[in-house]
Amino acid sequence: MKKNKGKVNTTEKEFVFGFRAGRNDCVLKVPLQFPVQENVSDLHGRLMLLHKIPCFVENELRSTLSMFIESETIQDYDREAELALQRLTTGEVDINQLTNTWAKTYSETTLEHARPEEPSWDEDFADVYHELIHSPASDTLLNLEHNYFVSVSELISERDMELKKLQERQATEMDKVMQELGKTMTDQDVNAVASQHFDAQQVLENKWANELKQVTHIQKQEYQEWVIKLHQDMQNPNNSTINEEIKVQQSQLTEESEPGVRLYEEQRQLEESFTIHLGAQLKTMHNLRLVRADILDFCKHRRHGSRGTKLRRLQTALSLYSSSLCGLVLLVDNRVNSYSGIKRDFATVSKECTDFHFPRLEEQLEVVQQVMLYARSQTSKHKDQPEVPRNGSSCEDKNQNVEKNSSNILPGEFYISRHSNLSEVHIVFHLCVDDNVRSGNITAREPAIMGLRNILKVCCTHDVTNITIPLLLVHDMSEEMTIPWCLRRAELVFKCVKGFMMEMASWDGGISRTVQFLVPQSISEEMFYQLSNMLPQIFRVSSTLTLTSKR
């Protein structure tokens, strides 16, 4: 027996097992490290495989190995206990220090001695806001939020105007340079001018980005301090100034746009609503809606008052800290950023209004990237363990894993962002899809379909009772998306979502939910009505059917 040097005090002992095979007496001698870290059954299996032990002594080897490990482990514990008692009797260990350590450990690991968790600022502010938004001060909160929104919108308009003037000036300058190309200008001169233009745009964009970030930070701080102060004033019934504070700017949110000016040219929005009952024995009622609209319409605020603007803002605010949250599925690529496509458009919308409750979208995406890199690193550790090749497939899988970028997500995976500054949405599920969703031969095992199932499961476990899903798994129509293509895709998504909704009963106990199927704005009315006829056939609608259209 010998001791190994290192942080962990381990000892090596030899395990001896004798057995008879035919006329031969065999002895198995194996060195073992104590304390034994691995499972006894796994160790027994390795010994059987590596040393080619006959199967008729398998049970005997298992019992002998278990008894050996148990007895040697007990002896080691007894030996350490004797040495600890000797150090205590000889005075090598301070009794007071030892008792204090024991008391501290006991108090830290026992619930009755644990310290109560101190509430954070976010939790306190959430409780205060939830109480105020359900009080007569709700109009005041909405008016203040709207004023901040108008202020940020004006700042963004100034930024866009200045960027537009810079681009026009640079375009004129580039035209002059191109006219002189080959005469007084060379290709190097053109590249230099283009580089200067790019640097000037970057400087201007960074300047406005920093200013916008500073303004939203100040607004958030002022808003939170004002909410806390208003709540404290409302707790004092003798405060005479509270009514004046609540009545400040009551009519700001309800102002109408200027006559003859149409800031938002909205196309005709079509909606159809259905009520269904799903379940085998205990049926649960759900609401289904088929909507033709742009997906960002559920996120945009209107600067000037329009029909239902105040009601939408109020409804979103009332359910912000509740068990009836609203979610939306946004189809994105495999990069976790907001630099291109629908992600850039969504980021632009989220910046138009300050989020007074949650971090900015960029900060949330940074956290997602860090968590994803950590998860990928943990997964790669398990994949790096040597495995026995089977039919050559492990080599191919390894090559595929090397080619994948650890900073990207896979199709069917999604990340979540939280928002309080969107029109009708609290939670956005960023679902990763690839170009395969534009083909016409996907099945129910498509990663995007399985991603919808996982999203619905998250909705059940996190109180999201209203979810908006892109029915065709695309946000924009293209030439290959014909009427048969749309009908096949809608039928597939309808059937899969119906199956997922029937699973909800086992996930949440049968809670009524609203599922909105969204189709692109560019789809024709004829196609929309064909889809609306398909939905009740698949879901077997047995209750109400409502058709509404908005202009």
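In the nomenclature of an unreviewed UniProt entry, the protein chain corresponds to FERRY endosomal RAB5 effector complex subunit 3 from the organism Oncorhynchus kisutch.

> Honestly, the pairing of strand E7 (residues 414-418) in this entry has me stumped. Any pointers?
Successive side chains on a regular strand alternate, one facing one side of the sheet and the next facing the other. Going residue by residue along E7, you find Tyr415 and Ser417 tucked away on one face and Phe414, Ile416 and Arg418 left uncovered on the opposite face. In this sheet, strand E8 (residues 427-432) lies alongside E7 in antiparallel orientation, the contact comprising 5 bridges. By the bridge assignment for E8, Phe414 is matched with Leu431.

> Sorry, what's going on with the environment of Leu331 here?
Within the secondary structure, Leu331 is located in strand E6 (residues 325-332). Sequence separation between Leu331 and Pro470 is 139 residues, and the spatial gap between their C-alpha atoms is 8.2 Å. With sequence-adjacent residues up to four places away left out, Leu331 is seen in contact with Ile342, Leu431, Val433, Pro470, Leu473, Val474 and His475.

> Hey, could you run me through the packing of aromatic side chains in this one?
Think of a pair of aromatic rings as described by two things: how far the centres are apart, and how the planes are tilted against each other in angle. Inspection of every chain in the model, using the stated rule, returns 13 aromatic pairs. Between Phe528 and Tyr529, the ring centres sit 5.7 Å apart and the planes meet at 75 degrees, which makes this aromatic pair edge-to-face. The class of Phe528 is buried, set by a relative accessible area of 0%. Tyr529 sits in the partly exposed class, given a relative accessible area of 29%. Put simply, the rings of Phe125, Tyr129, Tyr148, Tyr223, Tyr321 and Phe356 pair up and form one aromatic cluster. For the cation-ring pair, Lys13 lies above Phe34, with the distance from its terminal atom to the ring centre recorded as 5.1 Å.

> How should helix H9 (residues 341-351) be read in this particular structure?
One turn of an α-helix holds 3.6 residues; hence residues three or four places apart share an orientation. All of the buried residues along H9 are Lys343, Phe346, Ala347, Val349 and Ser350. Buried residues of H9 fall within an arc of 160 degrees about the axis and therefore sit on the same side.

> What is the right way to look at the environment of Glu72 in this model?
Within the secondary structure layout, Glu72 lies in helix H2 (residues 58-89). For Glu72, a relative accessible area of 15% corresponds to the buried category. Spatially, the C-alpha atoms of Glu72 and Phe34 are 8.2 Å apart, while their sequence positions differ by 38 residues. Contact partners of Glu72, with chain neighbours within four places excluded, come to Lys13 and Phe34.

> Honestly, the packing of helix H12 (residues 447-461) against helix H13 (residues 483-508) in this entry has me stumped. Any pointers?
The axes of two packed helices give the description: the angle between them and the distance between them. Across the interface, H12 lies against H13 with an axial gap of 10 Å and an inter-helix angle of 30 degrees. Compared by their axis directions, H12 and H13 come out roughly parallel. The handedness of the crossing between H12 and H13 is right-handed. Contact residues: H12 offers Ile449, Arg453, Leu456, Lys457 and Cys460, while H13 offers Val493, Cys496, Val497, Phe500, Glu503, Met504, Trp507 and Asp508. Residues that form the contact of H12 with H13 fall into these classes: 9 nonpolar, no polar and 4 charged.

What counts and how
Each chain has its residues counted from 1, running along the sequence as written. Per-residue local features of the predicted model are confined to residues with pLDDT of at least 70, and side-chain atom pairs are confined, for both listing and counting, to 80 or more; whole-chain, interface and lining totals are unaffected and use all residues. The side-chain numbers reported here are obtained from all heavy atoms of the structure, hydrogens and water having been left aside. Relative accessible area decides the class of each residue, using a 1.4 Å probe on protein chains only: under 20% of the type maximum gives buried, over 50% gives exposed, and in between gives partly exposed. Numbering of helices and strands runs from the N terminus; a helix is a DSSP stretch of H or I covering at least four residues, while a strand is a stretch of E covering at least two. Two strands are said to pair when DSSP picks up at least two bridges between them. Two residues form a contact once any of their heavy atoms are found within 4.5 Å. Any two rings among Phe, Tyr and Trp, with Trp reduced to its six-membered ring, count as a pair given centres within 6.5 Å; such a pair is stacked if its planes are under 30 degrees apart, edge-to-face if over 60, and tilted if neither. Either the NZ atom of lysine or the CZ atom of arginine qualifies as a charge over a ring when it sits within 6 Å of the ring centre and within 35 degrees of the ring normal. The directions considered for the arc run from the helix axis to the C-beta atoms. Every axis in this analysis is a line fitted to C-alpha atoms, fitted for helices over the stretch in contact. Angles between the N-to-C directions lie between 0 and 180 degrees. To sort the angles, those under 35 degrees are grouped as roughly parallel, those over 145 as roughly antiparallel, those from 65 to 115 as roughly perpendicular, and the leftovers as oblique. For a crossing to be left-handed, the near helix must be turned anticlockwise from the far one by less than a right angle; the clockwise case is right-handed. Here the term charged refers only to Asp, Glu, Lys and Arg, the term nonpolar to Ala, Val, Leu, Ile, Met, Phe, Trp, Tyr, Cys and Pro, and the term polar to all other amino acids, Gly among them.

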